[in-house]
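Each chain, written out:
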Amino acid sequence: MSRVAVKRRILRIRDTAPTRRIDSLAAEEPLEIRLDGTPLTVTMRTPGDDFDLAAGFLVSEGAVGSADDIATIRYCAGALADGQNTYNVLDVRLAPGVQAPEPRNFYTTSSCGVCGKASLEAVRTVARWAAHDDTVELGQATVAALPGRLRAAQRVFDRTGGLHAAGLFTAEGEPLCVREDVGRHNAVDKLLGWALRNGRLPLRGTVLMVSGRASFELVQKAVMGGIPVLAAVSAPSSLAVELAAEEGLTLIGFLRGDSMNVYTGEQRLNLTSGAGYGSAGVPPPR
């Protein structure tokens, strides 16, 4: 699909001088995810990589851990009364024996009314992989270069200026996958879904770089994907730091230029070497 940006005529004022021009806006449309025909959740997202988004959402929910757990993903035909397909409704069929999650389990978002210790306990209960035993190390210069590498891959942001980005990188700083979306959580889910559908979970020895702040929800998603390091250009929340510490995740915030704050897992940051090096077994970029 090519619905990631929408053109709109606007009035632009610069130094009191008005002009009319065409502006590009980041597209935002609802996506309804169904399981075996039953509605599960609706999320506002930028169209594109929808199958990865649905798969990644199920990874975040703790429902699936490998591509074999999903039988099929397809757009629902006849989504409108006149039979037109909006490409805004997906139906996921899980493999036999895979337990379907409850609609919007409380641990998937920090804005659902249940938080604090209950949320931490929920993640602990459903997480399939632990970051504690991941011995990946990162050079300081490698980490410092990640925001620039993420920004260079933001193709739609260049046109709209209105999208979050999330990128998966090797310990040497090489990009594995980058996704953009109006929702920062959607961008990460698209990465997790890409990893699931390509047989890369758990994401040992990798770094998740995000363009905004490090919320509890993003730390939770990193934990659910088996990612040992999360870096963000902005601040983390208190609950995000608490969860990262409990799960053995390295959490880096305010990553700008050569400056960064390391909140948890500082043992993975190699301050004596500018070149990053990682654990064996990280697949080559695709």
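Higher on the page you've got the structure.
Residues numbered from 1 in each chain as written. Predicted model: local features only at pLDDT ≥ 70, side-chain atom pairs only at ≥ 80, totals over all residues. Heavy atoms only, no water.

**Describing the packing of aromatic side chains**
A full pass over the atoms with the stated rule returns 2 aromatic pairs. Taking 5.3 Å as the distance between ring centres and 45° as the angle between the ring planes, the aromatic pair formed by F51 and Y75 counts as tilted. In this pair, F51 is assigned in helix α1 (residues 50-60) and Y75 in strand β5 (residues 70-75), connecting sequence segments 24 residues apart. Taking the relative accessible area as the measure of exposure, F51 reaches 23% and is therefore partly exposed. Measuring from centroid to centroid gives 5.0 Å for Y75 and Y87, while their planes differ by 80°, and the two rings are edge-to-face. With Y75 in strand β5 and Y87 in the loop between β5 and β6 (89-94), this residue pair connects regions lying 12 residues apart in the sequence. Residue Y87 is classed as partly exposed on the basis of its relative accessible area of 38%. In this structure an aromatic cluster arises from ring pairing among F51, Y75 and Y87. (Phe/Tyr/Trp six-rings, centres within 6.5 Å; stacked < 30°, edge-to-face > 60°. Helix = DSSP H or I, 4+ residues; strand = E, 2+ residues; numbered from the N terminus. Buried < 20%, exposed > 50% of the residue type's maximum accessible area, 1.4 Å probe, protein only.)

**Quick notes on the packing of helix α6 (residues 216-224) against helix α7 (residues 238-247)**
The contact between α6 and α7 brings their axes to 8 Å, and the two run at 20°. With respect to each other, α6 and α7 are oriented roughly parallel. The handedness of the crossing between α6 and α7 is right-handed. Taking contact as the criterion, the partners of F216, V219, Q220 and V223 in α6 are, on α7, L239, A240, L243, A244 and E247. Looking at the contact of α6 with α7, its residues break down into 7 nonpolar, 1 polar and 1 charged. (Axes fitted to C-alpha atoms, helices over the stretch in contact; angles between N-to-C directions. Parallel < 35°, antiparallel > 145°, perpendicular 65-115°, else oblique. Left-handed = near helix turned anticlockwise from the far one by under 90°. Contact = heavy atoms within 4.5 Å. Nonpolar A, V, L, I, M, F, W, Y, C, P; charged D, E, K, R; others polar.)

**Digging into unusual backbone geometry**
For residues besides glycine, phi is generally negative; the peptide bonds are generally trans as well. Put simply, L201 and P202 share a cis peptide bond, and its omega is -5°. Among the secondary structure elements, P202 is positioned in the loop between α5 (184-197) and β10 (206-210). The residue D15 is not glycine, and still its phi comes out positive at about 55°. Relative to the assigned elements, D15 resides in the loop between β1 (5-14) and β2 (17-26). Its identity as a non-glycine residue notwithstanding, F254 has a phi of 50°, on the positive side.

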